[in-house]
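Structure at a glance
In case you want the letters, here they are:
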Amino acid sequence: MSSADPKAVEARCVRLNGKAENAAAVAPSVEHHTLTRGPNDLLILVKAAAVNPSDVKAATGLMAYAVFPRTPGRDYAGVVVDGPAGTVGREVFGSSGDLGIRRDGTHASHLVVEADAVVEKPKSVSWEEAAGIGVPFVTAMEGFRRAGIPKSGDTVLVFGVNGKVGQAAVQIATWQGAKVVGVVRKAEAYEGHSNAPIEVIDASATDVATRVHELTGGKGADIVFNTVGDPYFQAAHKSLALRGRQILIAAIDRIVQFNILEFYRGQHTYVGIDTLGLSSVATGAVLRDLDAGFACGQLKPFRIKANAIYPLEHAKEAYVAVAGSSRDRVILKP
């Protein structure tokens, strides 16, 4: 197919027709919609798509800009079936801040997305694994792009280290040669892949900032990746080195006590990350920074469990599993 002659496909799409009161009340249906691409777009046969907490939050009206009706889903992996010359047959994956929220997304048999949005799928990575990379790795990498990519000699402190963004941050930081310290809410080991041993602090039994200063010879952490938000804000603040940076991606209570004197005397930087603000093309640029790591095996996709894979017709069960704080990466397979 040439770019002058785009083909139309009849796609099976999960549809949300209006906002639900809560996750249990989300009522997706599967509808057939005709999709065609624009001149610089790709038409992708979706092999797998992940379900993220943001998909469920948008369905329950927690994102005011989410449109209805729409097909949800931000993360995907698949094969290009129509596009500009030279693109057909490419195996790709990607993610987005606007897909599935402000425009139709990935929980479908087919997807239309800009040609610049996709990244080549490494041969060693399965469709389900590739679909699961998106939001957690983009969030972690965008945090580091904004705060400064960790380097050898840096100490990176990760709060919520066993969450998916926490695990992605560990992988990226150790790939770059930084020393990583993780924080957990209660006694448990680190569950993810790492390129170097990491120390884990049990916040229920140990004062985090005291332990971080012990581990760094009194210096503190160069970068704190706070994936939890306000419950750890104070501990994160106290753990920062001179000119340290704290990355924030989440909140439970929005308001925190903030010591301005310590902030400016410490020459600290706070970096806020909201990947929902990234377009598909901007997200593609972040993923391209990670591609070499996946290709060489220093970055590894999350393991996908067989019981966390659902057909499109069982999208509701998938959304409920994610809303129930499942630690598994939940995948839809058209």
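Residues numbered from 1 in each chain as written. Predicted model: local features only at pLDDT ≥ 70, side-chain atom pairs only at ≥ 80, totals over all residues. Heavy atoms only, no water.

1. A word on the overall build of the protein
The line we're drawing: Here a helix means four or more residues in a row that DSSP labels H or I, a strand means two or more in a row labelled E, and each is numbered from the N terminus. Here the globule rule is a power law, 2.2 Å times the number of residues to the power 0.38, and the radius of gyration is based on C-alpha atoms. Burial classes follow relative accessibility: with a 1.4 Å probe on protein chains only, a residue under 20% of its type's maximum area counts as buried, one over 50% as exposed, and anything between as partly exposed. Note on contacts: a residue pair is in contact if any heavy atoms of the two residues lie within 4.5 Å. Areas reported as accessible are Shrake-Rupley estimates using a 1.4 Å probe. Residue values count occlusion only from the protein chains shown.
If you tally the helices and strands in the protein, you get nine helices and 15 strands. In summary, the protein has a C-alpha radius of gyration of 20 Å against a globular reference of 20 Å for 334 residues, a match within 12%. In terms of its C-alpha atoms, the protein occupies a principal-axis envelope of roughly 65 × 45 × 35 Å. Across the 334 residues in the protein, those meeting the buried criterion constitute 53%. Sequence separation of at least 24 residues holds for 70% of the intrachain contacts in the protein that already meet a minimum separation of 6. For the protein, the computed accessible surface area is about 14000 Å², with 52% contributed by carbon and sulfur atoms.

2. Describing unusual backbone geometry
A cis amide bond links Phe 68 with the next residue in sequence, Pro 69, at an omega value of -10°. Looking at where Pro 69 falls in the secondary structure, it is placed in the loop between α1 (53–59) and β4 (76–82). One non-glycine residue, Arg 243, adopts positive backbone phi at about 65°. Within the secondary structure, Arg 243 is located in strand β12 (residues 240–248).

3. Some thoughts on the environment of Val 322
Position of Val 322 among the secondary structure elements: in helix α9 (residues 315–323). The exposure class assigned to Val 322 is buried, which follows from its relative accessible area of 11%. Taking the C-alpha atoms as reference points, Val 322 and Gly 134, separated by 188 residues in sequence, lie 15 Å from one another. The residues touching Val 322, leaving out its near neighbours within four places in the chain, are Val 51, Asn 52, Pro 53, Val 56 and Val 330.

4. Thoughts on the side chain of Lys 121
Rules: Residues adjacent in sequence count toward polar contacts only when both atoms are side-chain atoms; beyond that, a polar contact is any pair of N or O atoms within 3.5 Å, and within protein one must be able to donate a hydrogen and the other to accept it.
Looking at where Lys 121 falls in the secondary structure, it is placed in the loop between β7 (119–120) and α2 (127–131). On the basis of relative accessible area, Lys 121 is assigned to the buried category, the value being 8%. Only 2.6 Å separates the side chain of Lys 121 from the backbone oxygen of Val 125, close enough to count as a polar contact. Residues in contact with Lys 121, not counting those within four places in the same chain, are Glu 91, Val 92, Phe 93, Ser 126, Trp 127 and Ala 130.

5. What to know about the packing of aromatic side chains
The criterion, for reference: For this analysis, a ring pair means two rings from Phe, Tyr or Trp (six-membered ring only for Trp) whose centres lie within 6.5 Å, classed as stacked if their planes differ by under 30 degrees, edge-to-face if by over 60, and tilted for the remaining angles.
Within the structure shown, the criterion is met by nine aromatic pairs. Both rings, one in Phe 144 and one in Phe 225, keep their centres 5.4 Å apart while their planes meet at 80°; by these two values the pair is edge-to-face. Taken together, the residues Phe 144 in helix α3 (residues 134–147) and Phe 225 in strand β11 (residues 221–226) connect sequence positions 81 residues apart. Under the relative-accessibility criterion, Phe 144 is labelled buried at 0%. By relative accessible area, which is 0% here, Phe 225 ends up buried. Aromatic side chains Phe 159 and Tyr 232 sit 4.9 Å apart centroid to centroid with 35° between the ring planes, which places their arrangement in the tilted category.

6. Details of a nonpolar patch on the surface
Note the threshold: By definition, no residue in a patch forms a salt bridge, and every one has over 30% relative accessible area; like charges are joined within 9 Å, nonpolar side chains (Val, Leu, Ile, Met, Phe, Trp, Tyr) within 5 Å. By definition, a salt bridge exists where a carboxyl oxygen of Asp or Glu is found within 4 Å of a side-chain nitrogen of Lys or Arg.
The grouping of Val 256, Phe 258, Ile 260, Leu 261 and Tyr 264 at the surface amounts to a nonpolar patch, some 450 Å² of accessible area in total. Mapped onto the elements, Ile 260 comes out in helix α7 (residues 260–265). By relative accessible area, which is 51% here, Ile 260 ends up exposed.

7. Examining the pattern of salt bridges
Counted by the stated rule, this structure contains 20 salt bridges. Notably, a salt bridge pairs Glu 188 with Arg 327, separated by 3.2 Å at the nearest N-O pair. Of this pair, Glu 188 sits in the loop between β9 (179–184) and β10 (199–202) while Arg 327 is found in the loop between α9 and β15 (330–333), placing the two residues 139 residues apart along the sequence. Members of the salt-bridge network, linked through shared partners, are Arg 15, Glu 31 and Asp 104.

8. Section: the nonpolar core
Let me state the cut-off plainly: Only buried Ala, Val, Leu, Ile, Met, Phe, Trp, Tyr and Cys residues count toward a nonpolar core, and they belong to the same one when joined by side-chain atoms within 4.5 Å.
Counting 46 residues, the largest nonpolar core has Phe 144, Ile 172 and Leu 290 as the members making the most contacts within it. Counting residues per element, this core draws most heavily on helix α4 (residues 164–175), at seven residues. If near-sequence neighbours (up to four positions away) are discounted, Phe 144 is found in contact with Ile 149, Pro 150, Val 156, Ala 169, Ile 172, Ala 173, Ile 223, Phe 225 and Ile 247. By size, the runner-up hydrophobic cluster in this structure holds 16 residues, among which are Val 14, Ala 318, Val 322 and Val 330.

9. Observations regarding the environment of Thr 275
Its location among the elements puts Thr 275 in the loop between β13 (269–272) and α8 (280–296). For the pair Thr 275 and Gly 100, spaced 175 residues apart in sequence, the C-alpha separation works out to 13 Å.

10. A few points about helix α5 (residues 208–215)
Just so we agree on the cut-off: To be clear, the arc concerns the directions from the helix axis to the C-beta atoms.
Looking at α5, one finds that the buried residues are Val 208, Ala 209, Val 212 and Leu 215. Down the axis of α5, the buried set is contained in an arc of 125°. They therefore lie on one face. Two residues or fewer after α5 comes Gly 217, characterised by a positive phi angle close to 65°.

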